[in-house]
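Residue strings, one per chain:
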Amino acid sequence: MRPLRYVSSSTLDAVVAGLTAGDRLLAGGTDLLPLLKADLVHTTQLVDIKRAPLSGAIQRTPGGLRIGALATLAAIADSPLLDGPCSLLRQAARQTATVQIRNRATLGGNLLQRPRCWYYRNSRSDCWLKGGQGCPAVEGHHEHHAIFDDSPCRAAHPSDLAGCLLALDAAVVLYGLAGERSVSLHDFFRAPDSERRRETILGNDEIITAVDIPALPAGTVSIYLKAMDRKAWAFALVGMGIVLHRTGTTLDTVHIAATGLAQVPRRLAYCEQALAGTTAADVHIDAALQVLGRGASPLPGNAYKLDLARGLLERGLRSL
């Protein structure tokens with residue numbers, strides 16, 4: 001047993017100051033507690049941040065919408081403010097985990113959760129992401145892993161909401177010892193490298209306080225589709241978030257983001273380019289499907305994800 005203190009904090013400055021001393025922050029705890037039990041995360045003090053001045057509200061702002069970091073997945077699934085252009089967020093939240101977990105898990109924690117790779121989660125595995133020499137999934141069991149080799153790690157990002165927010169051009173609001181800053185989701189998520197063996201650029205003294213979604217043109221529609229290896233309570237083999245706006249029959253804006261394909265949520269830029277400015281005709285949809293796998297390097301056991309992703313993309317585009 002490791003000695004562990006539990007405290008709560010009422011100020012953000014105290015929270016971020018504690019991070020530099022090795023504190024771990026507790027909100028919903030749906031990822032942190034399993035990591036502690038598996039002996040993958042070590043700390044001497046848990047700081048409950050639910051009493052800190054952090055918001056869980058979902059509210060309109062002059063620039064669009066703001067979702068507080070402590071918003072639960074259940075609140076996101078139920079919020080009428082997320083109808084219309086942001087409805088893919090509600091769809092994704094409803095398909096995440098179980099009712100009990102959605103009632104506890106928070107948006108901030110969902111974006112920061114660590115990979116669900118069985119090698120990473122096994123404390124006895126010599127995993128690159130934990131400081132090992134290589135990724136054991138490459139020569140081992142990798143059917144759930146990334147098909148893009150953007151990193152020495154082949155674990156796929158597990159968050160459904162992250163891909164949806166990326167498709168919405170959202171930004172995260174961060175608070176640290178240097179104050180507050182806003183970072184686009186596109187820049188916030190980065191594939192792990194030798195200098196930073198984690199999936200985000202979050203500073204060691206920073207926390208997520210909110211997520212901002214810009215206002216979208218009237219008539220924007222969206223969808224989230226998720227393929228799982230069982231009907232419920234599973235992480236996405238592939239998740240596909242699509243945000244689309246058109247004038248008449250012309251597609252003005254097409255944002256497509258996938259989870260389950262790479263180490264971080266990935267915008268499918270080649271697919272977007274094949275569709276933007278065109279009509280939603282079969283020939284253009286087929287062109288988008290053909291370029292979906294450009295740059296991919298599937299492993300022997302997960303090449304099926306390309307066909308799975310193409311199927312979800314086609315279904316989503318035709319639905320919208």
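It should be noted that the structure appears before, not after, this text.
Described in the following lines is the structure provided in the data block.

Rules used in this analysis
Residues numbered from 1 in each chain as written. Predicted model: local features only at pLDDT ≥ 70, side-chain atom pairs only at ≥ 80, totals over all residues. Heavy atoms only, no water. Buried < 20%, exposed > 50% of the residue type's maximum accessible area, 1.4 Å probe, protein only. Helix = DSSP H or I, 4+ residues; strand = E, 2+ residues; numbered from the N terminus. Contact = heavy atoms within 4.5 Å. Pairing = 2+ DSSP bridges. Lys, Arg positive; Asp, Glu negative; His and termini not counted. Salt bridge = Lys/Arg side-chain N within 4 Å of Asp/Glu carboxyl O. Polar contact = N/O pair within 3.5 Å; in protein donor to acceptor, adjacent residues only side chain to side chain. Arc of directions from axis to C-beta. 1 Å grid on protein atoms, 1.4 Å probe; cavity = no way out; pocket = protein on both sides within 12 Å on 5 of 7 lines; lining within 4 Å. Points joined across faces, edges and corners; volume = space filled by probe spheres on them. Nonpolar A, V, L, I, M, F, W, Y, C, P; charged D, E, K, R; others polar.

Here's the deal with helix α10 (residues 282–291)
When we look at burial in α10, the residues that qualify are Ile285, Ala288, Leu289 and Val291. Among the structural elements, α9 (269–275) and α11 (304–319) are those in contact with the buried residues of α10.

Some words on the pairing of strand β4 (residues 58–61)
Bridge count between β4 and strand β5 (residues 64–68): four bridges; the pairing is antiparallel. Its bridge partner lying in β5, isoleucine 58 is registered against isoleucine 67. The turn linking β4 back onto β5 is made up of two residues.

Let's talk about the side chain of arginine 154
You can see arginine 154 is positioned in the loop between α6 (107–112) and α7 (160–167). Nearest to the buried, unbridged arginine 154 among oppositely charged side chains is aspartate 149, at 4.3 Å. In this structure the side chain of arginine 154 is engaged in a polar contact, spanning 2.7 Å, whose partner is the backbone oxygen of alanine 146. Side-chain polar atoms of arginine 154 contact the backbone oxygen of serine 297, separated by 3.0 Å. Arginine 154 has contacts with Cys135, Val138, His145, Ala146, Ile147, Phe148, Asp149, Gln263, Ser297 and Leu299, leaving out every residue within four places of it along the chain.

As for helix α1 (residues 12–19)
Of the residues making up α1, those classed as buried are Leu12, Val15, Val16, Gly18 and Leu19. Along the long axis of α1, the arc covered by the buried residues comes to 155°, so they all point the same way. Elements in contact with the buried residues of α1: β2 (24–26), β6 (171–176) and β8 (207–214).

What to know about the layout of surface pockets
Estimated volume of the second largest pocket: approximately 250 Å³. Along the walls of the second largest pocket sit Asp150, Leu166, Leu185, His186, Phe189, Arg190, Ala191, Ala262, Val264, Pro265, Arg266 and Arg267, which together make up its complete lining. Elements that contribute at least two residues to the lining of the second largest pocket include exactly α8 (185–188) and β12 (266–267). Among the residues forming the lining of the second largest pocket, the class breakdown is seven nonpolar, one polar and four charged.

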